[in-house]
Amino acid sequence: MKILQFKMKMIISTLYLISGPVCCSDVLVYSGGSVILFPNLQWDVNHARYICKMEQNSCLEIIKDQSKSKSVTSGRFKIYSNTAGNFTVLIRELNPQDSAVYRFRVGNEKHKDVELTVQSDSCCGGIKRMKAYLGETATFKCSYPEELKTNKKRLINLNNQNTVKLIIYTGKEAQKEQKDRFSIFDDRRSKVFSVNISDVREDDGGVYLCGVWKKDTSVGYYSYFREIQLQATGSSVIITVCVCVALLLIGGSALIVYKLRNHMIQDSASTSQRTEKHKNEDAPHLQPAPDIRMKILQFRMKILQFRMKIFLSTLYLISGPVCCSDVFGYSGGSVLLFSDLQWDVNKTRYICRVEQSGCLDIMKDQTKVRSVTSGRFMMYSNVDGEFTVLIRELNPQDSAVYRFGVGNEKHKDIKLTVQSDSCCGGITKTNAYLGETATFECNHPDEFKMNSKYLINLNDQNTIRRIICTGQASQKKQKDRFSISDDRSSNVFSVNISDVTDDDVGVYLCGVWKNQKSVGYYSYFREVQLKVSAPGSSIVTVCLCGSLLLIGGAALIFYRRRNHMIQDSASTGQRTDKNNEDDDYENVSHGNRYNNISMGPVHQSPNPNIADLVYENPDPNTHQSDSDYENTNQSDFIYENVTIKSSG
């Protein structure tokens, strides 16, 4: 029996090492919101830090970093060290497809598994864009679900979307709170809390997240159910006055020009009549000299035209250009844009979304870095020094006019239209084994049937590398271990990667090149996330099944032997009692060898009341300073290491 118990322990230990822990911490969040997780791991620059998404047979890598940096961003995911040196995770713009088990690891030993569940609630989620004017008061509201009614409400600011700063929060009892220029009010009856910012300043612009603190077993987290993007700009009165004055001046000038032109036409007709009259009278000595009055009128006309040009230029500077370049992308896909602007580290580079009330900042950078990432947006300098923009995971709400600028003078306006097509869009996840051949397919819309097809790789989702492309005439192409075939009859092109290596892992984008006016761009309609595993990974499944069978068999044997022993013990006891009655003089203990066999008790922990580890104190008055900043400035990355030709 002892040998059998030892074998069972070994089998269970083996199964644990193969499959990992059975349970993990539960984190509940909302679609369209964000979450900040504290998985009780310490940031260590001497060990690799990574996030992966648990699949059936593997863990799909999202971020992996071995540098000395204190923060790493990849799309909507960010890992960083907060002020206390804790491994911290920020995930933005959540959607139901994000529901999964995630593994956070530091080094090869320490890791934490967290099960993320993304819920949909009509009350909240999504992004709300607002505009505020300098010196005035900005007000916005955040709705929240019923189950968070009694939780403390918190407001944080993502300064330049890199630094996390706690602004203000309510207490459990108090529903109102005032701090400097910020005030917050929680109306629990209507499940809405309002925020007021008085005397708005330029520094108040940015992204605000509304949420609550929650804790589940060994992981603490902030669940943010609303994102507010606030644009702080100059006084609305000044802009309105300037536009009205410009319109009045233009209207007045047009009226004057119209009257002068009519007057000149009338004078010209009168002069012609007088000239004809003198000719008919055959008196050449009476022909008029050049009309001085006509020259004066022409001179005035030139002055008015010059003034109108000045007025139109002023109006252009106030309102911006009337038209812009058209760019078409597909829902679930990506676009890579090349403007005619040059990257200049000595000037501010920015991306903003043009609204009726102004241009809402998405990214703004004044550092000397060559690339900046914010959520799904990335701007960087390619190998030719061009201002380049990558936007991933497009959705119809991204359809808008965007302005890319360098300094205060040069900018480019681009109108992005995101179309939906059942053929394409979205993310495909596929596994490949080392040394074997990986194959995946990309469907494309019918309008791209004759376009050259391109495949690029986002190495670690930071470096853009073009892999292979077809020509307009040829539908097949081979380059090293990569081959591509475009089946135009079915609108599908296939990719084969032979002799797969570890370097092949990553994100692949399938798309075409397009050129519109002064902007060229790649429209990517399919994203493929490739995971590379060792060929022996199937052994893990076999071992797992074998272990389960062994455990089941051992448990069955154990159960049957125990029942058999109990039956033998009962039978022996009956025989002993009978012998004692029939023969008082015979002292033979037939059942001793069985009765001396006893089942050991189930051992329990000597101290079952061990307190749970505390991973973060949710009380802001204990361990959290309102003025604490979590510095997450990103390290520099080179986002493109090849020259992408604009032909094709």
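In what follows, the accompanying structure is described. Please read these numbers as outputs of a predicted model, since none were measured by experiment. (Residues numbered from 1 in each chain as written. Predicted model: local features only at pLDDT ≥ 70, side-chain atom pairs only at ≥ 80, totals over all residues. Heavy atoms only, no water.)

**Things to note about the packing of aromatic side chains**
Threshold: The criterion for an aromatic pair is that two Phe, Tyr or Trp rings (for Trp, the six-membered ring) have centres within 6.5 Å, with stacked assigned to planes under 30 degrees apart, edge-to-face to planes over 60 apart and tilted to the rest. We count a stretch as a helix when DSSP gives it H or I for four or more residues in a row; a strand needs E for two or more, and each element gets its number in order from the N terminus. With a 1.4 Å probe rolled over the protein chains alone, any residue whose accessible area is under 20% of its type maximum counts as buried; one over 50% counts as exposed, and the rest are partly exposed.
This model, assessed by the stated rule, comprises 22 aromatic pairs. Consider the rings of Trp43 and Phe87, whose centres lie 5.7 Å apart with planes at 35°: the pair is tilted. In this pair, Trp43 sits in the loop between strand S2 (34–38) and strand S3 (49–54) while Phe87 sits in strand S7 (residues 87–91), placing the two residues 44 residues apart along the sequence. The class for Trp43 is buried, based on a relative accessible area of 10%. Relative to Tyr508, the ring of Phe440 lies with its centre 5.9 Å away and its plane at 45°, an arrangement referred to as tilted. In this pair, Phe440 sits in strand S29 (residues 438–443) while Tyr508 sits in strand S35 (residues 506–516), placing the two residues 68 residues apart along the sequence. Looking at Phe440, the relative accessible area reads 5%, which means it is buried. Classification of Tyr508 as buried rests on a relative accessible area of 0%.

**Some points on the sheet that holds strand S16 (residues 192–197)**
This is how it is decided: A pair of strands is treated as paired once DSSP finds two or more bridges between them. Interaxial angles span 0 to 180 degrees and are taken between N-to-C directions of axes, which are lines fitted to C-alpha atoms, for helices over the stretch in contact.
Strand order in the open sheet formed by four strands is S11-S16-S15-S14, and the pairing between neighbours is antiparallel. In this open sheet, the two edge strands, each paired with only one partner strand, are strand S11 (138–143) and strand S14 (176–179). Taking the axes of each pair of neighbouring strands and ignoring which way they run, one obtains an average angle of 15° across the sheet. With six bridges connecting them, strand S15 (residues 182–187) and S16 associate as antiparallel partners.

**Here we look at the pairing of strand S5 (residues 71–74)**
Residue alternation in S5 divides its side chains into two sets, Ser71 and Thr73 and Val72 and Ser74, and both sets are buried. Hairpin geometry of S5 and strand S6 (residues 77–81) is characterised by an intervening segment of two residues between the two adjacent antiparallel strands and by a positive phi of about 60° at Gly75.

**Brief notes about empty space enclosed by the protein**
For clarity, the threshold we go by: Each cavity reported here is a set of points on a 1 Å grid over the protein atoms alone in which a 1.4 Å probe fits but cannot get out, each pocket an open set with protein on both sides within 12 Å along at least five of seven lines, and each lining residue one with an atom within 4 Å of a point. Grid points are joined across faces, edges and corners, and a volume is the space filled by probe spheres set on the points. Charged means Asp, Glu, Lys or Arg here, nonpolar means Ala, Val, Leu, Ile, Met, Phe, Trp, Tyr, Cys or Pro, and polar covers whatever is left, Gly included.
Across all of its chains, the model carries four cavities of 30 Å³ or more by this definition. Elements with a minimum of two residues in the lining of the largest cavity: strand S10 (127–133), strand S18 (219–233) and strand S22 (359–365). Among the residues making up the lining of the largest cavity, the classes are represented as four nonpolar, four polar and eight charged.

**Brief notes about the sheet that holds strand S32 (residues 476–479)**
The four strands lie next to each other as S29-S34-S33-S32, forming an open sheet whose pairing is antiparallel. The open sheet terminates on both sides in strands that have one partner only, identified here as S29 and S32. Strand-to-strand twist across the sheet, computed as the mean angle between neighbouring axes with direction ignored, equals 15°.

**A word on the side chain of Asn157**
Put simply, the test is: Side-chain atoms alone can form a polar contact between residues adjacent in sequence; in general such a contact is a pair of N or O atoms within 3.5 Å, and within protein one must be able to donate a hydrogen while the other accepts it.
Mapping Asn157 onto the fold places it in strand S12 (residues 154–159). The class for Asn157 is buried, based on a relative accessible area of 5%. Engagement of the side chain of Asn157 in a polar contact is seen with the backbone oxygen of Val207, the distance being 3.2 Å.

**Looking at the environment of Lys412**
Checked against the element boundaries, Lys412 lands in strand S27 (residues 410–419). Along the backbone, Lys412 and Leu341 are 71 residues apart, and their C-alpha atoms lie at a distance of 7.6 Å. A polar side-chain atom of Lys412 sits 3.5 Å from a polar atom in the side chain of Asp340.

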